[in-house]
Amino acid sequence: MTAAAGIPTRTLRVLVADDNADFAENIAEILGIEGHSVTVAYDGEEAVRRASAESFDLVLLDVKMPRKDGIQALLEIRSKSPATTIVMLTAYASRVDRVIQAGALGVLRKPVDLTELLRFVQRAVSGSGSHGPA
Amino acid sequence: VTRATAGDGGEDEDRLDRKSDISCDPPVEESLFDEIKRFAGFTDEDSRRLLALMPAVAPHAQEIADKFYARLLDHEEARAVFTEGEAQVRRLKGTLADWLTSLFRGPHDQEYFKSRWRIGNVHVRIRLPERYVFVAMNLVRRELHGILDESPLSEAGRRQGHETVDRILDLELAIITESYQRDYTDRIMRQGRLAAIGQIAASVNHEIRNPLGVINTSVYAMRRILEKAGAKIDGIDRHLDKIDRSLRRSHKIVNDLLDFARGRSPERKQVELKQILDEAVQLASVPPGIRAEIRVEEPSVTVFADPLQLTNVILNLVENACHAMGASGDLVLSAATAGDRVTIDVRDTGTGIPAANLPLVFEPLFTTKSTGTGLGLSIARNIVTAHGGTIDVVSSTERGTTVRIALPADERR
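Residues numbered from 1 in each chain as written. Chains lettered and ligands numbered in written order. Predicted model: local features only at pLDDT ≥ 70, side-chain atom pairs only at ≥ 80, totals over all residues. Heavy atoms only, no water.

Participant: Explain the sheet that holds strand E2 (residues 37-41) of chain A to me, and be specific about the residues and the numbers.
Facilitator: All names here are of chain A. With parallel pairing, the 5 strands of this open sheet are ordered in space as E2-E1-E3-E4-E5. Each of the sheet's edge strands pairs with one partner strand only, and the pair in question is E2 and strand E5 (106-109). Strand-to-strand, the axes of this sheet are offset by a mean angle of 20 degrees, without reference to chain direction. Summarising the sheet, strand E1 (residues 13-17) and strand E3 (residues 58-62) pair through 4 bridges and their orientation is parallel. Paired with Leu15 across the bridge in E3 is Val59. On the sheet, helix H1 (residues 21-33) packs against E1, E2, E3 and strand E4 (85-90) and is oriented at approximately 175 degrees with respect to E2. (Pairing = 2+ DSSP bridges. Helix = DSSP H or I, 4+ residues; strand = E, 2+ residues; numbered from the N terminus. Axes fitted to C-alpha atoms, helices over the stretch in contact; angles between N-to-C directions. Contact = heavy atoms within 4.5 Å.)

Right, dumping it as structure tokens:
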């Protein structure tokens, strides 16, 4: 597997929320290598708090998280910052439609295809984040 | 050469053949038959009496068969079992007449028991409800007693004849009901296994995907870190490649388990079989020592099927074939149209499947591989059956294995 995204045209502020700490930190590190500034949250509540405290260009939210699930977090973040691009992460194909309806730009199925993830980042960088299924 | 079969597709001569080839051996033969005989009170004397009565009964065999099937066909639910129409009923009448004659001819030995066991299995396989067997057998009983009543026997001879006929028919019934019982137990066990797999699949999906996600992202990050540092360390890439391959394999196992548990309905469209076979061979990473050949009839063979599911089936078969061949051998994938069916054969020159394992190969969790889940062929069978097809395995330890899938031809062409 090789990096597909290349050098970003601008640095994004990214929030990654996943209760699997190793996974969340790995995603943060990979996006960091690509030159973005990444914050990590480990549950839904923390994700909403972080998103309220500062503004992010891109939020990656796991659907199944403790204290507040990803869909609830998505709804709350969207109500406060409608312009934020949100991409959901899930191992459950059955939840894809639900999260798109809730207003996510797209859904990444776990195991996450990193090329696909970096494509979402590129879309966020170029500001072409129209809402629709991945 | 031995065979296993699964699925629920069309009938052909070949299929009639192989009906008798699987799961027909009676369990613990000696003791079961002897036990039933002892319980029915059936002795060698009964065998001798039956043989003596045969000339009186044989001329009426066809007439009894006619009455027997008239009774069954008169009943709507029973009639529904005979899906192939008059030809099937005519054939079955002939079989019943032969059965009646052999009832009297004997010898009532182990071979007799085996042939009776096979007949019992046919009842189970065509899904004739067990309740009809008793009524039908009583009809035979009444007819045979009627023949004895009309025969020029002494009163004592007639009484003994009646007793013997009752005993042999009790024996027959016991064997048939044992077949039903065996089938019922097998199905209950299978359902239990399937439910367990479903529960395991749901839990494995979440619990295994998470650590796999960490490994996957770590490998990716390591490659990027090395790339950015311009570092070239001998052997690192090779090991990262190995981790990637193992990851793909692990994901496949998790996906197989989920597919099996979910049993998704096919999303069908017109599919070129050549493309499916090509893709499966590419995905399988066939070892360089194995010659893989794809033969598809010109101009093309298409089916109306779910391309992802069908590719998964062929991929599983190709991987099994490669596993059976090891480093070298010949793998031939072929597709052809045969009447209203399309057949896909996956043939290898591998080690073959021992006859004892053949009836088990489609059972979930059955595997002889040290790294297998035992789900590949079960999934294949489920998918093929959901497409209205059949899947058969013909194997010998000398010549290797051929798996044949028969699917309904694409009528939309």
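Participant: Run through the pattern of salt bridges, naming residues and quoting values.
Facilitator: Residue and element names in this part refer to chain B. Taken as a whole and assessed by the stated rule, the structure comprises 32 salt bridges over all chains. Across the pair Glu178 and Arg182 runs a salt bridge, and its minimum N-O distance is 3.0 Å. A residue pair is termed a helical-turn pair when its members lie 3 or 4 positions apart in one helix, as Glu178 and Arg182 do in helix H9 (residues 155-229) at 4 residues. Residue Arg182 is classed as partly exposed on the basis of its relative accessible area of 33%. Each of Glu45, Asp46, Arg48, Arg49 and Arg167 takes part in one network of salt bridges that share partners. (Salt bridge = Lys/Arg side-chain N within 4 Å of Asp/Glu carboxyl O. Buried < 20%, exposed > 50% of the residue type's maximum accessible area, 1.4 Å probe, protein only.)

Participant: Give me the interface of chain B and chain A: which residues, what numbers.
Facilitator: Interface extent is often summarised as the accessible area lost during association of the parts. On the side of chain A, 21 residues touch chain B, which itself brings 18 residues to the contact. A combined buried area of about 1,900 Å² lies between chain B and chain A, and 58% of that area is made up of carbon and sulfur atoms. Across the contact surface, chain B and chain A share 1 salt bridge. The element contributing the most residues to the side of chain B that touches chain A is H9(B), with 16 residues. Of the residues belonging to the side of chain B that touches chain A, the class tally is 5 nonpolar, 8 polar and 5 charged. (Buried area = accessible area lost by both parts, 1.4 Å probe. Nonpolar A, V, L, I, M, F, W, Y, C, P; charged D, E, K, R; others polar.)

Participant: So what's going on with a positive patch on the surface? Which residues, and what values?
Facilitator: Residues and elements named next belong to chain B. Residues Arg238, Lys242, Arg245 and Arg248 make up a contiguous surface patch of positive charge. Considering the arrangement of structural elements, one finds Arg248 in helix H10 (residues 236-262). The class for Arg248 is exposed, based on a relative accessible area of 55%. (Patch = residues over 30% accessible without salt bridge, like charges linked within 9 Å, V, L, I, M, F, W, Y side chains within 5 Å. Areas by Shrake-Rupley, 256 points an atom, 1.4 Å probe, with all protein chains shown as cover. Lys, Arg positive; Asp, Glu negative; His and termini not counted. Charge placed at Lys NZ, Arg CZ, Asp CG, Glu CD.)

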